[in-house]
Amino acid sequence: MNVQLIALAVILLATGAAVTFLWWRKPQMKPPAPGERRAVNSIFQATFEHHPAGIGFMNAEGRWLGANARLVSELGYPRAELFATSLRLLTHPQDRKHESALVGELRSGKRQSYQITKRILRKSGEYGRYRVQMFRCTGEEASVLQCIVEPDDLSTTRLERVAHALQEVPDTAAILFDGAGTISGWNLGAERLFGFSETEIVGRPWATLQADHAAATSRLRLTAADEHGRTASETARIRKDGTEVNVSGTILSDIRLDEPNQYLEICRARESSTEIDEEADEVLEADAAIQEELARAAEREAELLKKIAALTAANSEFARKLGMLKSVVRKTVSARSRPAGPPPATASGIEEGLTESSVSEVSWTAGAGDAIYDTVRTVASESRSGTLLLNVGGVERRFIFRNGFLVACTSEDDEHAIGQLLVEAGTINHKQRRSALEAHKMTGVPMGSSLLEMGMITKQDLESVIRTKALRELADAAAPDRIQYAFVNRDLSPPGMVPIAIDMLAAMGMGGPSEANASLQPEAVEPTRTFVGRSGPRSRVYHDPECGTARRIPKKLRLTFDTAAEAEAQTFRRCERCLPGTGL
C-alpha cells in the first residue's frame with residue numbers, strides 16, 4: 001500500500017514539473033503596441049474608403065453607421081443627409097416588399113447573408129438599379145449589417161451574356177477578351193483547365209496562354225472569326241505550371257463600332273472536346289431566341305403605346321365636348337328656373353293685333369309686306385319689349401325685342417339658319433356646325449349659344465350673324481303683297497340665349513319707314529359713303545377709308561361697300577375705332 005502511494009506521488013510530481021517546464025518554454029504573445037494598432041486601423045480605413053464597390057455599415061434597425069466614398073458618390077447624397085435616412089427608405093416600395101422577408105431572416109440569424117437586385121433612389125430623384133449584398137456581422141453586444149452596393153449594368157454584349165451563362169460550368173473553359181488581347185472574363189472551367197484563378201488572369205494578355213509555336217496561328221484564327229463570326233480553335237496552350245495542354249473549341253467574334261472587337265473562346269482539353277461546338281451552338285441559339293422574343297415584345301409594346309396614345313387623345317376630345325355640354329346644360333337649367341318678371345306695359349300707336357299677350361290666342365293683323373319695316377321702326381323707336389311674330393306663307397318668324405333693341409331672331413327657314421349663315425361667311429366649317437347642332441338637339445340651347453359656349457365663334461360674330469339674319473328675314477317678309485304679323489308683350493326668347501342688343505334703326509337706316517324699307521331693297525341707294533373691308537375669313541370688319549387699318553389692306557384683298565347695310569349683310573361688323581357709335 002505504501003509503495004502505491006509513493007508511486008502516485010512520484011507521478012504527480014513529474015506531471016507538475018513537466019507542465020511547469022512547458023509553460024516556461026511557451027513563447028509569450030505580446031499585445032501590439034499602440035503605434036502598430038494605429039497603423040492597422042489606418043490601413044483598414046483607407047481600404048474601406050477607397051474600395052471600388054460601395055460599402056456601408058448599419059445597425060439592426062437599418063440606420064447607417066458608415067459609408068465609403070464610392071457609396072456616397074454612387075447615390076449622390078451628402079454623408080449627413082445619407083446618415084439621416086436608411087437603405088430601406090431609399091429602396092423602391094415594390095422591391096422593399098420583396099426584400100422584407102430576407103431582412104427579417106438576416107436580423108434573426110436564420111441566414112448570414114443574401115444578394116438581391118433592386119432599385120435605390122438617388123439624390124437626383126431617379127431610381128437606379130443595383131446589386132446589393134447584405135451580411136450579418138455579429139459582435140459581442142449588437143448585430144451590425146454590412147452592405148455592398150454595385151450598379152447592375154444591363155448593357156451587356158452578346159458574348160458577355162454567353163460567358164455569364166458558362167460562368168459556373170466546370171468542364172468547359174470560357175475566356176472573354178477584347179481586340180487588344182486583354183482578358184476580361186474567366187469562368188470556373190478555365191480556372192480548372194489552366195490553373196489560373198480569375199483574379200490572377202483578368203487584365204493580363206491572352207498571349208499568356210499561347211505557346212510560342214502557336215501564337216501566329218492564333219492571330220489568324222481571330223481574323224477568320226472576324227470574317228465569319230466564328231472559327232474552330234485547335235492549338236496548344238500553356239498552363240500556370242508551364243506545361244502544355246492541347247485544346248479544341250470555338251472562337252466567337254463580336255465586331256463593335258468605336259470599341260475594340262470582342263472575342264469569346266470556348267474550349268476543352270482535346271480528349272473531351274467533342275461536345276463543345278454543339279454546346280456553343282445551343283447557347284447561341286438560345287441567345288438568338290431570347291433576342292427575337294425581346295424584339296417581338298418591343299414591337300408589341302410600341303403598338304400598345306400607339307393605341308394608348310390614340311385612346312388618350314379620343315378620351316381628351318370626348319371629355320372636352322362633354323365639359324362644354326355640361327356647361328351648356330347648367331346655363332339652360334339656370335335660365336329655365338329663373339322666375340319671369342312682370343310683362344312690360346303696353347304702348348299705344350301700334351295696330352291692335354300687336355297688343356295681344358297670349359301667344360296661343362294671337363290676333364293676327366294682315367297687311368302689305370313692306371309695312372313690316374314701319375312696325376319694326378315703331379317698336380325700336382318706342383323702346384318696346386316683346387316678340388314680333390311674322391307668318392309669311394306658313395313660315396313663322398320671331399323677332400324678340402328688349403327696350404327697343406333686337407336680342408334674338410328665330411325662324412323655320414333653313415336657308416336663314418344661324419349655323420348655315422356662319423358656314424357661308426367662313427366663320428365656322430361644316431364639322432363645327434354639326435357639333436353645335438348635336439349640342440342644340442341634346443340640350444335645347446339656341447344654336448348661337450352652343451357655338452359660343454364651344455368657343456367656335458365670338459360674341460361679335462354672333463351679333464353680326466343675327467343682324468344679317470334679321471335683315472334677310474325682313475327682306476323676305478316684305479317681298480309678298482300680304483303677310484300676317486302680331487306683337488305680343490311677352491319675351492318668347494328660348495332659354496340659354498346669349499344676351500346681345502342690336503340697334504335695328506341703325507341697321508335699317510335712320511330715316512322714316514319708307515327709308516328703312518329702301519335701305520333693304522337692292523335697287524334703293526343709301527346716302528353715298530364708301531366703306532372698306534378685307535376679303536376672306538381672317539377679319540370681318542369694315543372701316544372708314546381713312547382708317548389706318550383700311551389703308552394697310554392689300555389691293556387684291558380690298559372690298560368696298562356703298563352702304564353700311566351692304567357690309568353688314570355680308571357679315572362684316574363695324575370698326576369701333578374709326579366708326580364709333582351707331583351713326584355712320
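Everything quoted here is computed from the prediction, not taken from an experiment.

Below, the discussion takes up the confidence of the model for the protein. Averaged over all residues, the pLDDT of the protein equals 75, while 73% of them reach at least 70. Across residues 339-358, where pLDDT falls below 50, the model places 36 contacts with residues more than four positions away in sequence or in other chains. Across residues 510-527, where pLDDT falls below 50, the model places 26 contacts with residues more than four positions away in sequence or in other chains.

Enumeration according to the criterion identifies one cavity of 30 Å³ or more in this entry. What the largest cavity holds in volume is close to 70 Å³. Secondary-structure elements contributing two or more residues to the lining of the largest cavity are helix 13 (418-425) and helix 16 (459-478). Tallied by class, residues from the lining of the largest cavity come to four nonpolar, three polar and two charged.

Before going further, it helps to examine unusual backbone geometry. At Ser383, a position not held by glycine, the phi torsion is positive, near 55 degrees. Note that Ser383 resides in the loop between helix 12 (371-381) and strand 12 (386-392). Even without a glycine there, the phi angle at Thr571 is positive, about 65 degrees. Here Thr571 lies in the loop between helix 20 (564-569) and strand 19 (573-574). By relative accessible area, Thr571 is classed as buried at 14%.

Moving on to the sheet that holds strand 17 (residues 541-543). Pairing within the open sheet is mixed, and its four strands lie in the order 18-16-17-19. Of all strands in the sheet, those bounded by a partner on one side alone are strand 18 (558-561) and strand 19. Taken together, the two bridges between strand 17 and strand 19 define a ladder with parallel strand orientation. In the strand pairing of strand 19, Val541 is matched with Arg573.

On to the packing of aromatic side chains, then. Two numbers describe a pair of aromatic rings. These are the distance of the centres and the angle of the planes. Applying the stated rule across the entire model yields six aromatic pairs. With a centroid separation of 5.5 Å and an interplanar angle of 75 degrees, the aromatic rings of Phe531 and Tyr542 are classed as edge-to-face. Separated by eleven residues along the polypeptide, Phe531 in strand 16 (residues 531-534) and Tyr542 in strand 17 bring together distant segments of the chain. Both residues of the pair, Phe531 and Tyr542, belong to the buried class.

Here we come to the packing of helix 12 against helix 16. Two elements in contact, helix 12 and helix 16, have axes whose closest approach is 8 Å; the angle formed by their N-to-C orientations is 140 degrees. As judged from the angle between their axes, helix 12 and helix 16 are oblique. On helix 16, the residues that touch Ile372, Tyr373 and Val376 of helix 12 are Leu474, Ala475 and Ala478. For the contact of helix 12 with helix 16, a count of residues per class yields six nonpolar, no polar and no charged.

Orientation of helix 13 relative to helix 16, taken along the N-to-C sense of each, is 110 degrees, at an axis distance of 10 Å. By the angle between their axes, helix 13 is roughly perpendicular relative to helix 16. On helix 16, the residues that touch Ile418, Leu421, Leu422 and Glu424 of helix 13 are Asp461, Val465, Ile466, Lys469 and Arg472. Residue classes in the contact of helix 13 with helix 16 are distributed as five nonpolar, no polar and four charged.

Turning to the environment of Val423, a few remarks are in order. For Val423, the location among the structural elements is in helix 13. Look at Val423 and you get buried, because its relative accessible area is 15%. Sequence separation between Val423 and Arg433 is ten residues; the distance between their C-alpha atoms is 7.6 Å.

Checked against the element boundaries, Thr85 lands in the loop between helix 4 (79-83) and helix 5 (87-90). A relative accessible area of 13% means that Thr85 is categorised as buried. Beyond its immediate chain neighbours, meaning those up to four positions away, Thr85 contacts Arg63, Trp64 and Leu90.

Our next topic: the pattern of salt bridges. Tallying each qualifying case throughout the model produces 17 salt bridges. Between Glu99 and Lys118 there is a salt bridge, and its shortest N-O distance comes to 2.8 Å. Here the residue Glu99 occupies a position in helix 6 (residues 93-108), and Lys118 occupies one in strand 3 (residues 113-121), the gap between them amounting to 19 residues. Residue class for Glu99 comes out buried when judged on its relative accessible area of 6%. Look at Lys118 and you get buried, because its relative accessible area is 2%. The closest approach of N and O atoms between Asp171 and Arg268, which form a salt bridge, is 3.6 Å. Pair noted here: Asp171 is in the loop between helix 7 (158-165) and strand 6 (173-178) and Arg268 is in strand 10 (residues 262-269), with a separation of 97 residues, a long-range link. Residue Asp171 is classed as partly exposed on the basis of its relative accessible area, which comes to 46%. Bridged by salt links that share partners, the residues Arg397, Lys469 and Glu473 form one connected network.

This next bit is on the sheet that holds strand 13 (residues 395-402). Read across the sheet, five strands follow the order 11-15-12-13-14 without closing on themselves; strand pairing throughout is antiparallel. Every other strand in the sheet has two partners, leaving strand 11 (365-368) and strand 14 (405-411) as the edge strands with one partner each. Across the sheet, the mean angle from the axis of one strand to that of its neighbour is 25 degrees, orientation sign disregarded. Note: strand 12 against strand 15 (residues 482-488), five bridges, orientation antiparallel. Looking at the pairing, Leu389 lines up with Ala486 of strand 15. Strand contacts of helix 16: strand 12, strand 13, strand 14 and strand 15, with the helix running at about 65 degrees to strand 14, the strand carrying the most contacts.

Next up on the list: the nonpolar core. Grouped together as the largest cluster of nonpolar side chains are 40 residues, with contacts concentrated most on Ile372, Phe399 and Met504. Per element, the largest residue contribution to this core is eight residues, and it comes from helix 16. Beyond its immediate stretch of four places on either side in the chain, Ile372 contacts Leu388, Leu390, Leu474, Ala478, Ile483 and Tyr485.

So, on to the pairing of strand 14. Pairing geometry for strand 13 and strand 14, over six bridges, is antiparallel. Note on strand 14: the bridge partner recorded for Phe399 is Cys409. With antiparallel pairing between neighbouring strands as the criterion, strand 13 and strand 14 make up a hairpin whose turn holds two residues, including Asn403 at a positive phi of roughly 55 degrees.

Basis of the calculations
Residues numbered from 1 in each chain as written. Predicted model: local features only at pLDDT ≥ 70, side-chain atom pairs only at ≥ 80, totals over all residues. Heavy atoms only, no water. pLDDT = per-residue confidence, 0-100. Contact = heavy atoms within 4.5 Å. 1 Å grid on protein atoms, 1.4 Å probe; cavity = no way out; pocket = protein on both sides within 12 Å on 5 of 7 lines; lining within 4 Å. Points joined across faces, edges and corners; volume = space filled by probe spheres on them. Helix = DSSP H or I, 4+ residues; strand = E, 2+ residues; numbered from the N terminus. Nonpolar A, V, L, I, M, F, W, Y, C, P; charged D, E, K, R; others polar. Buried < 20%, exposed > 50% of the residue type's maximum accessible area, 1.4 Å probe, protein only. Pairing = 2+ DSSP bridges. Phe/Tyr/Trp six-rings, centres within 6.5 Å; stacked < 30°, edge-to-face > 60°. Axes fitted to C-alpha atoms, helices over the stretch in contact; angles between N-to-C directions. Parallel < 35°, antiparallel > 145°, perpendicular 65-115°, else oblique. Salt bridge = Lys/Arg side-chain N within 4 Å of Asp/Glu carboxyl O. Core = buried A, V, L, I, M, F, W, Y, C linked by side-chain atoms within 4.5 Å.

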